[in-house]
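# Architecture and fold: a report
Spelled out, the chains give:
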Amino acid sequence: MMDMLLIKNATLATAHGCTPAAGAAQHTTVTVTENASVLINGDTIQTVYGSGEAPSFECDNVIDAEGRLVTAGLVDAHTHLIFGGWRQHEVPLKLKGASYLEILQAGGGILNTLKATRAASEDELFDKAAKVLEEMLHHGVTTVEAKSGYGLDAENELKQLRVIRRLAHEGGYNVVPTFMAAHAVPLEFSGDPDGYIEHICTKILPLVADDELCEFVDIFCETGVFNVEQSRKMLQYAQMYGFKTKIHADEIDAIGGSKLAGEIGAVSAEHLIAIDDDGIASMAKGGTIACLLPGTSLYLGKDFAPARKMVEAGVPVAVCTDFNPGSCPSCNLQLCMNLALLRYKLTPQEVLTAVTLNAACAVDRANVCGTVENGKRADLVIWDAPDLDYLVYRMGSNLASTVIKGGKTV
Ligand code: NIG
Ligand code: FE
């Protein structure tokens, strides 16, 4: 039939449903079906056929997967996609022993990227981000969360958010916008984080809301950045405006950010390298998804978040890149999958759930993507891999062979 695309002879691995898979379900939600077929109608998955089943009619467009692994398009639920410049010049400082927070406190780090982002035009930021999104697409990532947070004033935060909107509207990318003006304290508010939080809540957030420029609001809750009370205030303000919330929590110190996330019903909490038992219990109770960022642990030479402990406590785990110019200048989610296997000790099935269904839930898109099921958007990857074990075992290569986004091969 015309306008239909059939993928046949697939080893189909997919999670199921539209809600986060937690605990044992993070593994068991994944089914693997050999010799499966997927029928795509326009941009939508029309029918997933079980082993040896096939449509009763001839399809004009057929891709024979030749037994290779097929999964849903990957979802990267945490990136700082929009920024000017890069930060290669800070690497020697790091190698001499300067910590992440020391570099930030000396006006480098996020504040360095702030200068380059403020200096960049909307078009420059658009072109740069589109290039990264293309790279991600060719690595099998079909949906990407993108944060602001390198403008840190009304004009430049809105500029970043407008770029994200243009990437969706003009670029056709599946991007989910997050407002993160509370990423660092800008020089204009040096020494006055309370004043800056007040400024964001009363001056910037209303403008973002007026223009409907974001879906999520995020904050960097950390020693020397924003404390728990400032984070609570900011995120509750955001919730009053109807935004969903995320929180960078317990990356360096467990100051209570993950506990707060569970208490206020944040959709996700990020990093969680230093999370304690109270934080894990609070997130499990609140249904907050853990967005874990193993590329950042690797790049900063830090510990890896206690992912197994979180899975066992019933916290749904997602794995994301944290792509940014400082702590993780890599947008390769496949590499993070490999790290999640080796360093988090997640099973291949748990890893797949972490970069598809749970990541889709973390960006509130599980009704449209994250699994290969009838009615979802036709975002699929045919991997140069015979099975899921192989996909997560290989390190550093791009194994995405054919990427289909919204029914179209990219
Ligand atoms: O998630 N932790 C805070 N923010 C980013 C880093 C951003 C940067 O260094 O530019 C992160 O790792
Ligand atoms: Fe981050």
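Here goes a summary of the coordinates provided.

Let us look at the environment of Gly257. Turning to its location among the elements, Gly257 is positioned in helix α9 (residues 257-264). Expressed as a C-alpha distance, the spacing of Gly257 and Ala269, which sit 12 residues apart in the sequence, is 8.1 Å.

Distances from the iron ion (ligand 2) to its protein donors, His78 (NE2), His80 (NE2), His248 (NE2) and Asp322 (OD), fall at 2.1 to 2.3 Å. Mapped onto the sequence, the donors of the iron ion (ligand 2) take the spacing H-x1-H-x167-H-x73-D. Taken together, the residues His78 in the loop between β6 (74-76) and α2 (91-95) and His248 in strand β10 (residues 244-249) connect sequence positions 170 residues apart. Note on accessibility: His78 and His248 belong to one class, buried.

As a further point, take the side chain of Asn174. With respect to the secondary-structure elements, Asn174 resides in the loop between α6 (154-169) and β8 (175-182). At a separation of 3.0 Å, a polar atom in the side chain of Asn174 contacts the main-chain carbonyl oxygen of Thr142. Polar contacts involving the side chain of Asn174 include one to the side chain of Arg377, which spans 3.4 Å. Not counting the four nearest positions on each side in its chain, Asn174 is found in contact with Thr142, Thr143, Val144, Arg377, Asp379 and Lys405.

Right, let's talk about the nonpolar core for a bit. Of all hydrophobic cores here, the largest spans 125 residues; its most connected members are Leu167, Phe179 and Met310. Aside from chain neighbours lying at most four places away, what touches Met310 is Leu272, Ile275, Ile280, Ala290, Leu292, Ala305, Val315 and Val317. Within the second largest apolar cluster, 16 residues are counted, among which are Val38, Ile45, Val70 and Val372.

Time to look at helix α13 (residues 333-342). Of all 10 residues that make up α13, nine are buried, and the element is covered over most of its length. The set of residues buried in α13 consists of Leu333, Gln334, Leu335, Cys336, Met337, Asn338, Leu339, Ala340 and Leu341. The N-capping residue of α13, defined by a side-chain oxygen 3.0 Å from the backbone nitrogen of Gln334, is Asn332.

Take the site of ligand 1 next. Among the 15 residues in the neighbourhood of ligand 1, the closest are listed as Tyr100, Tyr150, His183, Asp322 and Ser327. His248 is positioned with one of its side-chain polar atoms (N or O) 3.1 Å from an oxygen atom of ligand 1. His271 is positioned such that a nitrogen or oxygen atom in its side chain is 2.8 Å from an oxygen atom of ligand 1. Protein contact buries 100% of the 320 Å² of open area that ligand 1 shows by itself.

Our next topic: the sheet that holds strand β13 (residues 317-319). The eight strands lie next to each other as β6-β7-β8-β9-β10-β11-β12-β13, forming an open sheet whose pairing is parallel. Two strands lie at the open edges of the sheet, namely β6 and β13, each paired on one side alone. Here the average twist between neighbouring strands, direction ignored, is 25°. Where β6 and strand β7 (residues 141-147) come together, three bridges link them in parallel fashion. Each residue of the ladder has a partner; that of Asp76, found in β7, is Val144. Each of β8, β9 (216-219) and β10 is contacted by helix α8 (residues 228-240), which is oriented at about 175° to β9, the strand it contacts most. Where α9 meets the sheet, it contacts β10 and β11 (268-271), and its direction lies at approximately 165° from that of β10.

Attention now moves to the packing of aromatic side chains. One pass over the full model with this rule turns up 10 aromatic pairs. In this structure an aromatic cluster arises from ring pairing among Phe83, Trp86, Tyr150 and Phe323. One residue, Arg166, lies across the ring of Phe126, its end atom 4.5 Å from the ring centre. The ring centre of Phe216 lies 4.5 Å from the NZ or CZ of Lys246, which sits over that ring.

Cut-off values and rules
- Residues numbered from 1 in each chain as written.
- Chains lettered and ligands numbered in written order.
- Predicted model: local features only at pLDDT ≥ 70, side-chain atom pairs only at ≥ 80, totals over all residues.
- Heavy atoms only, no water.
- Helix = DSSP H or I, 4+ residues; strand = E, 2+ residues; numbered from the N terminus.
- Donors = N, O, S within 2.8 Å, 3.2 Å for Na, K, Ca; no water.
- Buried < 20%, exposed > 50% of the residue type's maximum accessible area, 1.4 Å probe, protein only.
- Polar contact = N/O pair within 3.5 Å; in protein donor to acceptor, adjacent residues only side chain to side chain.
- Contact = heavy atoms within 4.5 Å.
- Core = buried A, V, L, I, M, F, W, Y, C linked by side-chain atoms within 4.5 Å.
- Near = heavy atom within 4 Å.
- Areas by Shrake-Rupley, 256 points an atom, 1.4 Å probe, with all protein chains shown as cover.
- Pairing = 2+ DSSP bridges.
- Axes fitted to C-alpha atoms, helices over the stretch in contact; angles between N-to-C directions.
- Phe/Tyr/Trp six-rings, centres within 6.5 Å; stacked < 30°, edge-to-face > 60°.
- Lys NZ or Arg CZ within 6 Å of the ring centre and 35° of its normal.

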